[in-house]
Amino acid sequence: MQYDANCIFCKIVHGIIPCAKLYEDDDVMAFLDVNPVTYGHALVISKAHYSNFLATPKDVMNKVMNVAQRIGQVQMEQLGAKGVNILINCKEAAGQEVQHFHVHVIPRYKATDGFKLELKQLKDVNLPSIAAEIKEKL
Ligand code: AMP
Ligand code: ZN
């Protein structure tokens, strides 16, 4: 299993630092975020070290997403959440602080419960041109 001795999430996987664990199997672990933005904010990670979403093998990513979905369902059923935000920050430009693949599962209770994505719209976009640029490599 890939391991980075300087990585805080690898240290959690290997029991070197503690966490409030929710779930563990051979490939996936889930625990509460130590700085929650809402009540029950959870992180789901691969146990092997992959630096981000784009660097994670598909089979591992699928297993992580399966656990993220289940945790979201339980946050609704058990914590009384009214919705869930699923958030993956990928690389520093996107706000990723811990360079080990993880998915935030953020239960939402109302629109003003403390978590908000600020979406500012671009002006003067040429959608067909952007779509063509992306599709060229898909
Ligand atoms: P990101 O910006 O997506 O890399 O978010 C990393 C998240 O990891 C942050 O929300 C931190 O609060 C959380 N975090 C950092 N260290 C720990 C830790 N030891 N236990 C639980 N969560 C942590
Ligand atoms: Zn790691």
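So, here's what we can say about the structure. (Residues numbered from 1 in each chain as written. Chains lettered and ligands numbered in written order. Predicted model: local features only at pLDDT ≥ 70, side-chain atom pairs only at ≥ 80, totals over all residues. Heavy atoms only, no water.)

Concerning helix 2 (residues 58–79)
In step 1: For helix 2, spanning 22 residues, the distance from its first C-alpha to its last is 30 Å, which sits close to the expected 32 Å at 1.5 Å a residue.
In step 2: As for helix 2, its buried residues are in contact with strand 1 (21–24), strand 2 (28–32), strand 3 (42–46), strand 4 (83–87) and strand 5 (102–108).
In step 3: Looking one or two residues beyond helix 2, the residue adopting positive phi is Gly-80, at roughly 80°. (Helix = DSSP H or I, 4+ residues; strand = E, 2+ residues; numbered from the N terminus. Expected span 1.5 Å × (residues − 1). Contact = heavy atoms within 4.5 Å.)

Notes on the coordination of the zinc ion (ligand 2)
In step 1: Listed as protein donors to the zinc ion (ligand 2) are Cys-7 (SG), Cys-10 (SG), His-49 (ND1) and His-100 (ND1); their distances from the metal cover 2.0 to 2.3 Å.
In step 2: Each of the 4 donor atoms bound to the zinc ion (ligand 2) contributes to angles spanning 105 to 118°, and the resulting shape is tetrahedral.
In step 3: Mapped onto the sequence, the donors of the zinc ion (ligand 2) take the spacing C-x2-C-x38-H-x50-H. One end of the pair, Cys-10, is in helix 1 (residues 8–13); the other, His-49, is in the loop between strand 3 and helix 2, and 39 residues separate them in sequence. (Donors = N, O, S within 2.8 Å, 3.2 Å for Na, K, Ca; no water. Tetrahedral: all angles 85-135°; square planar, octahedral: opposite > 155°, others 65-115°.)

Some points on the site of ligand 1
In step 1: Residues in close proximity to ligand 1 total 16 residues, the closest being Asp-33, Gly-95, Glu-97, His-102 and His-104.
In step 2: The contact in question runs from an oxygen atom of ligand 1 to an N or O atom on the side chain of Asp-33, over 2.5 Å.
In step 3: In the environment of ligand 1, a nitrogen atom lies 3.2 Å from a nitrogen or oxygen atom belonging to the backbone of Val-34.
In step 4: For ligand 1, whose free accessible area comes to 510 Å², the fraction covered by protein is 85%.
In step 5: Sorting the residues of the shell around ligand 1 by element identifies helix 1, strand 2 and strand 5 as the ones contributing at least two each.
In step 6: Ranked by residue count, the leading element in the shell around ligand 1 is helix 1, at 3 residues. (Near = heavy atom within 4 Å. Polar contact = N/O pair within 3.5 Å; in protein donor to acceptor, adjacent residues only side chain to side chain. Areas by Shrake-Rupley, 256 points an atom, 1.4 Å probe, with all protein chains shown as cover.)

Quick look at the sheet that holds strand 3
In step 1: Strands sit in the order 1-2-3-5-4 across an open sheet of 5 strands; the sheet is antiparallel. Bordering the open sheet on either side are strand 1 and strand 4, each of which pairs with just one other strand. Each neighbouring strand pair of the sheet contributes to a mean axis angle of 20°, computed without reference to strand direction.
In step 2: Taken together, the 3 bridges between strand 1 and strand 2 define a ladder with antiparallel strand orientation. By the bridge assignment, Lys-21 is partnered in strand 2 with Phe-31. (Pairing = 2+ DSSP bridges. Axes fitted to C-alpha atoms, helices over the stretch in contact; angles between N-to-C directions.)

Points about the packing of aromatic side chains
In step 1: Counted under the stated rule, the structure contains 2 aromatic pairs.
In step 2: Ring centres 5.5 Å apart and planes at 80° place the aromatic pair Phe-9 and Phe-31 in the edge-to-face group. Taken together, the positions of Phe-9 in helix 1 and Phe-31 in strand 2 put the pair 22 residues apart, joining distant regions of the chain. For the residue pair Phe-9 and Phe-31, the accessibility class agrees, reading buried in each case.
In step 3: Between Phe-53 and Phe-101, the ring centres sit 6.2 Å apart and the planes meet at 45°, which makes this aromatic pair tilted. With Phe-53 in the loop between strand 3 and helix 2 and Phe-101 in the loop between strand 4 and strand 5, this pair connects stretches of sequence that are 48 residues apart.
In step 4: Given a relative accessible area of 30%, Phe-53 falls into the partly exposed group. (Phe/Tyr/Trp six-rings, centres within 6.5 Å; stacked < 30°, edge-to-face > 60°. Buried < 20%, exposed > 50% of the residue type's maximum accessible area, 1.4 Å probe, protein only.)

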